[in-house]
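Structure assessment
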Amino acid sequence: MKIMLFVRFVACFSLVIAVVAPFTFLVPKPLITIVEVAVEPVTDKVVVQVVEKVKVIEKPLHQVNLPDFAAIYDIPTKKRQFFDFVRPAIEAKNNELAEDRSKLEHWHEQISLGLGLTVEEQTSLQTLIKAYRINKEASTLQQINDLLIRVDIIPTSLVLVQAANESAWGTSRFARIGLNFFGIWCYRTGCGMVPGGRNTGAKHEVAAFQSVDAAVSGYFNNINKHNAYHVFRTIRAELRAQDQALDAEILATGLLPYSERGVQYVLDITDMLRHNQRYFVKPASQQQTASAD
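Residues numbered from 1 in each chain as written. Predicted model: local features only at pLDDT ≥ 70, side-chain atom pairs only at ≥ 80, totals over all residues. Heavy atoms only, no water.

Some points on the environment of tyrosine 265
In this fold, tyrosine 265 is placed in helix α10 (residues 263-275). Separated by 12 residues in the primary sequence, tyrosine 265 and threonine 253 place their C-alpha atoms 9.7 Å from one another. (Helix = DSSP H or I, 4+ residues; strand = E, 2+ residues; numbered from the N terminus.)

Here you go:
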């Protein structure tokens, strides 16, 4: 009996040992492993150089007190002031052209009737022939006919909207720095301002003018003399021949060569003509002043 009890005791003890033994050899792992690393002191300083871009302010190439159109946020006010600023020079040029044209019409009549011109009239005629590059070998009557096609006015409204379109209502760099309201180019080094996006190898500049009158004269000379605007002058001459008014929208169709945008440019100009009608009329105060003069 005792032997049986002893055997059972040994069996139970062995079972307990078998169950507990594996766990007695397990070593718990640390939750955080700390590794000591020797850090050498930093002896060299890293210097970061900050380069600030300095904005270069381009000085005007003229002495004209040009209004700051960009500071006028009210659109109707900006349009009115821009047109009022440019209009006097346009009207002055048109008056000058009208006087020269009146002389040409008188001389044409004189020559047609077999009457000659005075020495003074001949001198004036030769000045116009040279200025408008008329064939010197042609007859006097033909020279006058050719001049009548070139020496003529351009509707003030058309000139105004082209100035507004080309100069972004007087706010463009070329308008502010060089009084160039019409995007006129020149081809002599130093004659104006170098365009920012000019192609490599190109030599043209955007012309700079010393006065608004000079800028407007440059525009009129371009339209009335350059071969690119032969169609414009032909349309104008045809309107004259038919005793029709010089309609700005009709004449605008002759401005295709004025911009690389071609037809779209003409559409933009005609659209501006329609939407700015109320600004083409002089304010009452200016009309009264003109009447008094």
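Quick notes on the nonpolar core
Within the largest apolar cluster, 59 residues are counted, with the highest numbers of intra-cluster contacts made by Phe82, Leu104, Leu147, Leu158, Phe181, Phe182 and Tyr219. For this core, the element with the most residues is helix α2 (residues 75-112), which contributes eight residues. The residues touching leucine 147, leaving out its near neighbours within four places in the chain, are Leu104, Leu125, Leu128, Ile129, Tyr132 and Ile134. (Core = buried A, V, L, I, M, F, W, Y, C linked by side-chain atoms within 4.5 Å. Buried < 20%, exposed > 50% of the residue type's maximum accessible area, 1.4 Å probe, protein only. Contact = heavy atoms within 4.5 Å.)

Thoughts on the sheet that holds strand β1 (residues 185-186)
Ordered in space as β1-β3-β2, the three strands form an open sheet in which the pairing is antiparallel. Each edge of the open sheet is held by one strand with a lone partner, namely β1 and β2 (192-193). Taken together, the two bridges between β1 and strand β3 (residues 205-207) define a ladder with antiparallel strand orientation. Residue pairing in the sheet places cysteine 186 in a bridge with glutamate 205 of β3. (Pairing = 2+ DSSP bridges.)

Description of helix α4 (residues 140-150)
Turning to α4, its buried residues are Gln143, Ile144, Leu147, Leu148 and Arg150. Down the axis, α4 shows its buried residues gathered within 160° of arc, on one side only. The inward-facing, buried residues of α4 abut α2, α3 (119-131), α7 (212-225) and α8 (230-241). (Arc of directions from axis to C-beta.)

Quick word on the packing of helix α5 (residues 156-167) against α10
As a packed pair, α5 and α10 sit with axes 9 Å apart at the nearest point and diverge in direction by 115°. The element α5 and its partner α10 pack so that their crossing is right-handed. Contacts between α5 and α10 involve Ser157, Leu158, Val161, Gln162, Ala164, Asn165 and Glu166 from the first element and Tyr265, Asp268, Ile269, Met272 and Leu273 from the second. Grouping the amino acids of the contact of α5 with α10 by side-chain chemistry returns seven nonpolar, three polar and two charged. (Axes fitted to C-alpha atoms, helices over the stretch in contact; angles between N-to-C directions. Left-handed = near helix turned anticlockwise from the far one by under 90°. Nonpolar A, V, L, I, M, F, W, Y, C, P; charged D, E, K, R; others polar.)

A word on unusual backbone geometry
In this structure, alanine 168 takes a positive phi of about 55° despite not being glycine. Mapped onto the fold, alanine 168 is located in the loop between α5 and α6 (173-178). You can call alanine 168 partly exposed: its relative accessible area is 40%. One non-glycine residue, leucine 179, lies in positive phi territory at about 55°. Here leucine 179 is to be found in the loop between α6 and β1.

Some words on α3
For α3, spanning 13 residues, the distance from its first C-alpha to its last is 19 Å, which sits close to the expected 18 Å at 1.5 Å a residue. Buried residues belonging to α3 abut α2 and α4. Positioned one or two residues after α3, arginine 133 has a phi angle of 55°, which is positive. (Expected span 1.5 Å × (residues − 1).)

Some words on the side chain of asparagine 224
As for its position among the elements, asparagine 224 is in helix α7. Polar side-chain contacts of asparagine 224 include one of 2.9 Å to the side chain of arginine 236. For asparagine 224, the residues in contact, after removing those within four places along its chain, are Leu97, Tyr132, Arg150, Asp152, Ile154, Arg233 and Arg236. (Polar contact = N/O pair within 3.5 Å; in protein donor to acceptor, adjacent residues only side chain to side chain.)

Points about the packing of aromatic side chains
The tally for this structure, following the rule as stated, stands at 15 aromatic pairs. Their ring planes at 75° and their centres at 5.8 Å tell us that phenylalanine 82 and tryptophan 169 sit as a pair that is edge-to-face. Taken together, the residues phenylalanine 82 in helix α2 and tryptophan 169 in the loop between α5 and α6 connect sequence positions 87 residues apart. With respect to burial, phenylalanine 82 and tryptophan 169 carry one shared label: buried. With a centroid separation of 5.9 Å and an interplanar angle of 45°, the aromatic rings of tyrosine 229 and tyrosine 258 are classed as tilted. Here tyrosine 258 lies in the loop between α9 (248-252) and α10 and tyrosine 229 lies in the loop between α7 and α8, a separation of 29 residues in the sequence. Residue class for tyrosine 258 comes out buried when judged on its relative accessible area of 12%. (Phe/Tyr/Trp six-rings, centres within 6.5 Å; stacked < 30°, edge-to-face > 60°.)

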